[in-house]
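# Topology and contacts: notes
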Amino acid sequence: MATAGKGKAKKESVMSVTVLFFGHAKQKTGKDSALFHIAKNESIKTFREKLLQEFPELAGLKSSLAFSINCEWAQENDRLNTKDEIGVIPPVSGG
Amino acid sequence: MTVQLTKHPIAFGKLLERTDASCGAAAIFIGQVRDNNKGKKVKAIEYSAYEKMALKQMEKIVRVAKNTFGVKNILMVHRVGKLSVGEISLVVAVFSPHRVEAFEALRFCVEGIKHQVPVFKKEFFSDGTFHFSGTGDNNGKCCA
């Protein structure tokens, strides 16, 4: 598992979340997962911006990426907690 | 077993054995790998999934469908891995006393899988390129 997004935030205000990549996002990053360090109580919207800074190779997918928190679909204003598992999810196409 | 992801061919005959004598209707959807897409000849499709979330979302769809349509039982099985043209990728079976709610619940379930379940499709074309369904800049040289 790679680590990413350490930034300059003070240690006590930073938390770790596990980020999982799937489908085309997995191929673009070359990773199954990454440990991401972000500010506590960060929103998905802000997380998304930081993710794209950290992984610019995802830029081509940015309009189509969705996110999950602990296996539930996430909205832009949802907040992240310590040890959350975040899925980076390109368009689904089962069936 | 109500929902399942499997790397193995789906033995749908076994899935369709009626388990509730009050059910007079079984509505069944079978998805297969098509031989063409976007004007190109398809050689194979590789399905991958966020398995933990996929199973959770499939269970949720089943729960909502049962509550909404009053059907008795629902089975969903989705393949993962690389499938050849003609192979079965998905089976959904809905068992109900009567046909109307079985048809309605079946459509609800299949559409739910299409839109809410994190399964991903990588299509391999006969010209050596591949394509991830639903994303834009995703054509590439075939790697396999």
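Definitions and limits used
- In every chain, residue numbers begin from 1 and rise along the written sequence.
- Going through the entries in the order they are written, you letter the chains from A and number the ligands from 1.
- Confidence filtering applies because this is a predicted model: local features only for residues at pLDDT of at least 70, side-chain atom pairs given and counted only at 80 or more, and all residues used for totals across whole chains, interfaces and linings.
- Values shown for side chains rest on all heavy atoms present in the structure; no hydrogens or waters enter the calculation.
- Any two residues having at least one pair of non-hydrogen atoms within 4.5 Å are treated as being in contact.
- Simply put, the buried area is the total loss of 1.4 Å probe accessible area from both parts when two parts are fitted together.
- Every case where a carboxyl oxygen of Asp or Glu lies within 4 Å of a side-chain nitrogen of Lys or Arg is listed as a salt bridge.
- Polar contacts here mean pairs of N or O atoms no more than 3.5 Å apart (in protein, one a potential hydrogen donor and the other a potential acceptor; neighbouring residues in sequence count only if both atoms are side-chain atoms).
- The classification of residues rests on relative accessible area computed with a 1.4 Å probe and restricted to protein chains. Under 20% of the type maximum is buried, over 50% is exposed, and intermediate values are partly exposed.
- Helix and strand definitions follow DSSP, with helices as H or I runs of at least four residues and strands as E runs of at least two, each counted in order from the N terminus.
- Pairing between two strands requires that DSSP report at least two bridges joining them.
- pLDDT is a residue-level measure of predictor confidence that goes from 0 to 100.
- Note on geometry: axes are C-alpha line fits, over the in-contact stretch for helices, and angles between N-to-C directions span 0 to 180 degrees.

### Here we look at the interface of chain B and chain A
Taken together, the 29 residues of chain B in the interface contact 23 residues of chain A. Summing both sides of the interface, chain B and chain A together bury roughly 2,100 Å²; the carbon and sulfur share of this comes to 56%. Our count for the chain B to chain A interface comes out at three salt bridges. For the salt bridge of Glu72 of chain A with Lys56 of chain B, the shortest nitrogen-to-oxygen distance reads 3.4 Å. At the boundary of chain B with chain A, the tally comes to 15 residue pairs in polar contact (both at pLDDT 80 or more).

### Let's talk about the pairing of strand β9 (residues 129-132) of chain B
All names here are of chain B. Burial of β9 is two-sided: the residues Thr129 and His131 facing one way and the residues Phe130 and Phe132 facing the other way are all buried. The pairing of strand β8 (residues 119-125) with β9 spans three bridges and is antiparallel. Bridge pairing in β9 links Phe124 to Phe130. What sits between β8 and β9 in their antiparallel hairpin is a turn of three residues, with Gly128 showing a positive phi close to 95°.

### Examining the confidence of the model for chain A
Considering every residue of chain A, the mean pLDDT works out to 89; 87% of them sit at 70 or more. Mean pLDDT values over the elements of chain A span from 57, in strand β1 (residues 2-4) of chain A, up to 98, in strand β5 (residues 72-73) of chain A.

### Comments concerning the sheet that holds strand β2 (residues 25-32) of chain B
Residue and element names in this part refer to chain B. Read from one edge of the open sheet, four strands run β1-β5-β7-β2, paired in mixed fashion. Since the sheet does not close on itself, it has two edges, and those belong to β1 (3-6) and β2, each with one partner. Adjacent strand axes in the sheet meet at a mean angle of 10° when their direction is disregarded. In this structure, β1 lies alongside strand β5 (residues 73-79), joined through four bridges in parallel fashion. The partner of Gln4 across the bridge, within β5, is Val77. Sitting on the sheet, helix α3 (residues 99-116) touches β2, β5 and β7 (88-96), and the angle it makes with β7 is about 145°.

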